[in-house]
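Residue-level listing of the chains:
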Amino acid sequence: MGKVVCIGESLIDFMPTGAELTFVAKAGGAPSNVCACISKLGGTGCYLGKLGEDIFSRFLLKNMQKWGVNTDYTVIDNRYQTALAFVSLDENGDREFNFYRKQSCDLMLDKSEIPENLMKQGDILHFCSVGLVESPSKYAHIKAIECAKANNCIVSFDVNVRERLWDSVDNCVKTIKEFLTYADIVKVTDEELVLLTGEKQESKAVSMLLEIANNAKLLVLTKGGAGAAVYDRIGNNYFSKAADVKVVDTTGAGDCFIGCLLYKMNSGQATLTVDGIKDAMDFASLGCGVVIGKKGAIESMPTIDDIQNLKISLSK
């Protein structure tokens, strides 16, 4: 089994405790969440990013290592501080983020800090859009993608839009479209699909997005409680029903979904075809069922036993 390298941000999610303006720190950041998901399932998730030397970065590093994430590619730089996100939840467990991230350490990852031997054939590179704002991180992503392509590795892109981190929505959409052309597998939410295409009719929007992501073999569409679907370029598709569980907190659910898929691909249990990923889609839906029943992101990622136990309980 190869490794899955996840490049981008690792940050503190401050989760509400219930009392007014009181929060508890949880390790988060989409790429590091995906790493933790893969590692807890038994794969090799490698975090490629930059951390500072403050108390928050030490907390993040400790949490990633606790769950088995490989941090050999993690750069430590004491010149910059850790990004923070304060999370608010509505009555359905859906969240809103307030970011404190100006010149944070994750944005300062330089392309010169990407190892030349980063990727080997059989590995997977995963990234999101948060690290693509105009910064050194954007060009570090390009370098990592070039390394992956040179070694025939799968490239995964979870769009993961956070509009508040961009100077304009137009620039956000423009940049995402530029990077979609690099991806072999793309994951979007139903809201992101509309944002990127301007089309509300799902099948039309999927076709439009696959025209933009002109090298993608699969497009994964997550729809919260309405389940998830996967499409290929010739119209084949598969729908996976969401796990019927009580929602506590949706933070990290999307990261879990793509993490489960990448774990299955990397372990040879899924392929970049609709038929080859069906079982992995159902596995990922169950994984998300585990995550949304807990608070926090990294620590709520499932193990194989967690997923199997939920599957058994839902079948009764």
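I will try to describe carefully the structure that is included in this document. Keep in mind it's a predicted model, so treat the numbers as computed, not measured.

Procedures and definitions
- Residues numbered from 1 in each chain as written.
- Predicted model: local features only at pLDDT ≥ 70, side-chain atom pairs only at ≥ 80, totals over all residues.
- Heavy atoms only, no water.
- Helix = DSSP H or I, 4+ residues; strand = E, 2+ residues; numbered from the N terminus.
- Rg over C-alpha atoms; globule rule 2.2 N^0.38 Å.
- Buried < 20%, exposed > 50% of the residue type's maximum accessible area, 1.4 Å probe, protein only.
- Contact = heavy atoms within 4.5 Å.
- Lys, Arg positive; Asp, Glu negative; His and termini not counted.
- Charge placed at Lys NZ, Arg CZ, Asp CG, Glu CD.
- Pairing = 2+ DSSP bridges.
- Axes fitted to C-alpha atoms, helices over the stretch in contact; angles between N-to-C directions.
- Phe/Tyr/Trp six-rings, centres within 6.5 Å; stacked < 30°, edge-to-face > 60°.
- Lys NZ or Arg CZ within 6 Å of the ring centre and 35° of its normal.
- Salt bridge = Lys/Arg side-chain N within 4 Å of Asp/Glu carboxyl O.
- Expected span 1.5 Å × (residues − 1).
- Left-handed = near helix turned anticlockwise from the far one by under 90°.
- Nonpolar A, V, L, I, M, F, W, Y, C, P; charged D, E, K, R; others polar.

## Description of the overall build of the protein chain
No. 1: Tallying secondary structure elements over the protein chain gives nine helices and 14 strands in all.
No. 2: For the protein chain, the C-alpha radius of gyration of 18 Å lies close to 20 Å, the compact-globule estimate for 316 residues.
No. 3: Here the C-alpha coordinates of the protein chain stretch approximately 50 × 45 × 40 Å along the principal axes.
No. 4: Buried positions account for 55% of the 316 residues belonging to the protein chain.
No. 5: Long-range contacts, defined here as pairs at least 24 residues apart, represent 69% of the contacts in the protein chain between residues at least 6 apart.
No. 6: Charge separation in the protein chain, taken as the distance between the mean sites of 34 positive and 40 negative side-chain charges, equals 3 Å.

## So, the sheet that holds strand 14 (residues 237-240)
Strand pairing within a sheet occurs via backbone hydrogen bonds; the two strands may be parallel or antiparallel.
No. 1: The mixed open sheet is built from eight strands, whose spatial order is 4-1-9-10-11-12-13-14. Of all the strands in the sheet, the pair left with one neighbour each is strand 4 (45-48) and strand 14. Adjacent strand axes in the sheet meet at a mean angle of 20°, parallel and antiparallel pairs treated alike.
No. 2: Two strands pair when backbone bridges link them, and strand 10 (residues 154-158) and strand 11 (residues 185-189) are joined in this way by three bridges, in the parallel orientation. What sits directly across from serine 156, in strand 11, is isoleucine 185.
No. 3: Contacts from helix 8 (residues 274-291) reach strand 11, strand 12 (218-222), strand 13 (228-232) and strand 14, with the element oriented near 15° to strand 14.

## A look at the packing of aromatic side chains
The way to describe two aromatic rings as a pair is by their centre distance and the angle between their planes.
No. 1: Going through the model one piece at a time under the given rule, you end up with eight aromatic pairs.
No. 2: Taken together, a centroid distance of 6.0 Å and an interplanar angle of 90° make the contact between phenylalanine 14 and phenylalanine 56 edge-to-face. Taken as a pair, phenylalanine 14 in strand 2 (residues 11-16) and phenylalanine 56 in helix 2 (residues 55-66) lie far apart in primary sequence, 42 residues in all.
No. 3: Taking relative accessible area as the criterion, phenylalanine 14 reaches 12% and is therefore assigned buried.
No. 4: Looking at phenylalanine 56, the relative accessible area reads 25%, which means it is partly exposed.
No. 5: On the basis of an interplanar angle of 85° and a centroid distance of 5.6 Å, the ring pair of phenylalanine 86 and tyrosine 100 is categorised as edge-to-face. Highlighted residues: phenylalanine 86 in strand 7 (residues 84-89) and tyrosine 100 in strand 8 (residues 95-100), separated in sequence by 14 residues.
No. 6: Residue classification places phenylalanine 86 among the partly exposed positions, given a relative accessible area of 26%.
No. 7: Directly above the ring of tryptophan 67 sits lysine 40, whose terminal nitrogen or CZ lies 4.0 Å from the centroid.
No. 8: Across from the ring centre of phenylalanine 283, 4.3 Å away, lies the NZ or CZ of lysine 264, which sits over that ring.

## As for the pairing of strand 11
No. 1: Burial runs high along strand 11: four of the five residues are buried.
No. 2: With five bridges joining them, strand 11 and strand 12 adopt parallel strand pairing. If you follow valine 188 over to strand 12, its bridge partner there is leucine 221.

## Some thoughts on the environment of glycine 259
No. 1: By the secondary structure assignment, glycine 259 is in helix 7 (residues 253-266).
No. 2: Once you skip the residues sitting within four places of it in the chain, glycine 259 turns out to touch Val34, Cys37 and Ile38.

## As for the pattern of salt bridges
No. 1: Scanning the model with the defined rule gives 14 salt bridges in all.
No. 2: Where glutamate 299 meets lysine 26, a salt bridge forms, and the shortest distance between an N and an O atom there is 2.8 Å. Highlighted residues: glutamate 299 in the loop between helix 8 and helix 9 (304-315) and lysine 26 in strand 3 (residues 23-28), separated in sequence by 273 residues.
No. 3: Accessibility expressed as a relative area gives 16% for lysine 26, which makes it buried.

## Points about helix 3 (residues 136-150)
No. 1: Taking 1.5 Å of rise per residue, 15 residues should cover 21 Å, and helix 3 covers 21 Å from first to last C-alpha, within 8% of that figure.
No. 2: Those residues of helix 3 that fall on the buried side of the exposure criterion are Ser137, Lys138, Ala140, His141, Lys143, Ala144, Ile145, Cys147 and Ala148.
No. 3: Next to the buried residues of helix 3 lie strand 1 (4-7), strand 4, strand 9 (124-128), strand 10 and helix 4 (169-180).
No. 4: Taken from the residues just after helix 3, asparagine 152 is the one with a positive phi, measuring 55°.

## A look at the packing of helix 5 (residues 190-197) against helix 6 (residues 202-212)
No. 1: Where helix 5 meets helix 6, the closest approach of the two axes is 9 Å, and the angle between their N-to-C directions is 65°. Crossing geometry of helix 5 relative to helix 6 is assigned as left-handed. Along the contact surface, helix 5 presents Leu193, Leu196 and Thr197, while helix 6 presents Glu202, Ala205, Val206, Met208, Leu209 and Ile212.
No. 2: A breakdown of the residues in the contact of helix 5 with helix 6 according to their chemical character gives seven nonpolar, one polar and one charged.

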